[in-house]
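Architecture and fold: a report
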Amino acid sequence: MTQTFNVAVVGATGAVGEAMLRTLAERRFPIRELYVLASERSAGEKVDFGARRLTVQDLATFDPAGVQIALFSAGGGVSKEYAPKFAAAGAVVIDNSSAFRYDGDVPLVVAEVNPAAARQRPRGIIANPNCSTMQMLVALAPIHREAGIERINVATYQSVSGTGKRALEELGRQTAAMLSFQEAKPEVYPVQIAFNVIPHGGDFLENGYTTEEMKLVWETRKILGDESIQVNATVVRVPVFYGHSEAVHIETREKITAERARELLAAAPGVEVVDGRVPGGYPTPVTHASGRDPVFVGRIREDISHPRGLALWVVADNIRKGAALNAVQLAELVIGE
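In what follows, the accompanying structure is described. The model shown is predicted, which means the values in this text are computed figures rather than measured ones.

**Considerations on the pattern of salt bridges**
- Summed over the entire model, instances satisfying the criterion amount to 22 salt bridges.
- Here R151 makes a salt bridge to E251, at a shortest N to O gap of 3.5 Å. Of the two residues, R151 sits in strand β9 (residues 149-158) while E251 sits in strand β11 (residues 244-252), which places them 100 residues apart along the sequence.
- Residue R151 is classed as partly exposed on the basis of its relative accessible area of 31%.
- Residues R292 and E272 are paired through a salt bridge, measuring 3.7 Å at the closest nitrogen-oxygen approach.

**As for the packing of helix α3 (residues 131-147) against helix α6 (residues 258-267)**
- Running from amino to carboxyl end, α3 crosses α6 at an angle of 120°, the nearest separation of the two axes being 9 Å. Comparing their axes, α6 and α3 come out oblique. As α3 packs across α6, the resulting crossing turns out to be right-handed. Contact residues: A139, P142, I143 and E146 in α3; R260, A261, L264 and L265 in α6.
- Looking at the contact of α3 with α6 residue by residue, the classes come out as six nonpolar, no polar and two charged.

**A short note on a nonpolar patch on the surface**
- The grouping of Y102, L205 and W218 at the surface amounts to a nonpolar patch, some 270 Å² of accessible area in total.
- Take W218: it is sitting in helix α5 (residues 211-224).

**A look at unusual backbone geometry**
- Of note in the backbone geometry, F195 takes a positive phi value of approximately 55° without being a glycine.
- Among the structural elements, F195 can be located in the loop between α4 (165-179) and α5.
- You can call F195 exposed: its relative accessible area is 57%.
- Even without being a glycine, R299 presents a positive backbone phi close to 50°.
- Looking at where R299 falls in the secondary structure, it is placed in strand β13 (residues 295-302).
- The partly exposed category is assigned to R299, whose relative accessible area is 41%.

What counts as what
- Residues numbered from 1 in each chain as written.
- Predicted model: local features only at pLDDT ≥ 70, side-chain atom pairs only at ≥ 80, totals over all residues.
- Heavy atoms only, no water.
- Salt bridge = Lys/Arg side-chain N within 4 Å of Asp/Glu carboxyl O.
- Helix = DSSP H or I, 4+ residues; strand = E, 2+ residues; numbered from the N terminus.
- Buried < 20%, exposed > 50% of the residue type's maximum accessible area, 1.4 Å probe, protein only.
- Axes fitted to C-alpha atoms, helices over the stretch in contact; angles between N-to-C directions.
- Parallel < 35°, antiparallel > 145°, perpendicular 65-115°, else oblique.
- Left-handed = near helix turned anticlockwise from the far one by under 90°.
- Contact = heavy atoms within 4.5 Å.
- Nonpolar A, V, L, I, M, F, W, Y, C, P; charged D, E, K, R; others polar.
- Patch = residues over 30% accessible without salt bridge, like charges linked within 9 Å, V, L, I, M, F, W, Y side chains within 5 Å.
- Areas by Shrake-Rupley, 256 points an atom, 1.4 Å probe, with all protein chains shown as cover.

Written as structure tokens, this is what we have:
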């Protein structure tokens, strides 16, 4: 008889929470009891889980005793307050916020890159990386294992879904307004996002970079276990609903050809190579990534400005693979133990 588990999804009414529920259902995760939790404001709402409709419970009054797996996607503040309570009650917490990512005693795990790290969780918490870091490292890990990466220069083109439901609504509202020759008023973003690009994500730091950019630095080093890797990042928000794209330029310790990189990527778990050198022979958020699991890689070529350089174009659904799918994959690793 298949063993089943009591699972809680915290932040079940958000974009990522809803995607977690879809992913759990699609992957037939062995669930005995499923608890969908959110703030008091959302308590009583209904959410979909496969063919079922579940009632959202208030996180603040919920008793976590008996929960074995808890998937958190409700923001850093909520995670800091409640994740330790769930872990103390016996659950393994998989947290999608940045609350624990940089703690030395909390593993930061990408299922296809460093799965063994998930076993070392003295606090009962596993951290899910930032979506941009995650898709980049699914693509870069096989190259790093073969040739070693010295430096990564990355520009991200991030969809508005990474900011949340209000940002999705803002892009839709502004687009409709502009097509009706009306003013597009920004509320979520500091400037108009419709028909625009914004070179800003997160909060600005003293070094001139933003927190979203520095996440790519810190998380890359922790996940790959190599503090010597140099990372330079520019984060750009673009008027796309779902799917992040990245222009990635790397310098390796040993020379690796574009053809060899293509072979490694074609064999890598979670990667799909789309690299035809013809118009449309490359992945985009809309045509490939949206609603799908893989990390798509194209435009693979040797950098003509560096003897050990490679350039790649990396695209993935930031809500699907960048958050929900990886969290469920980590839960599968846990129950597989």
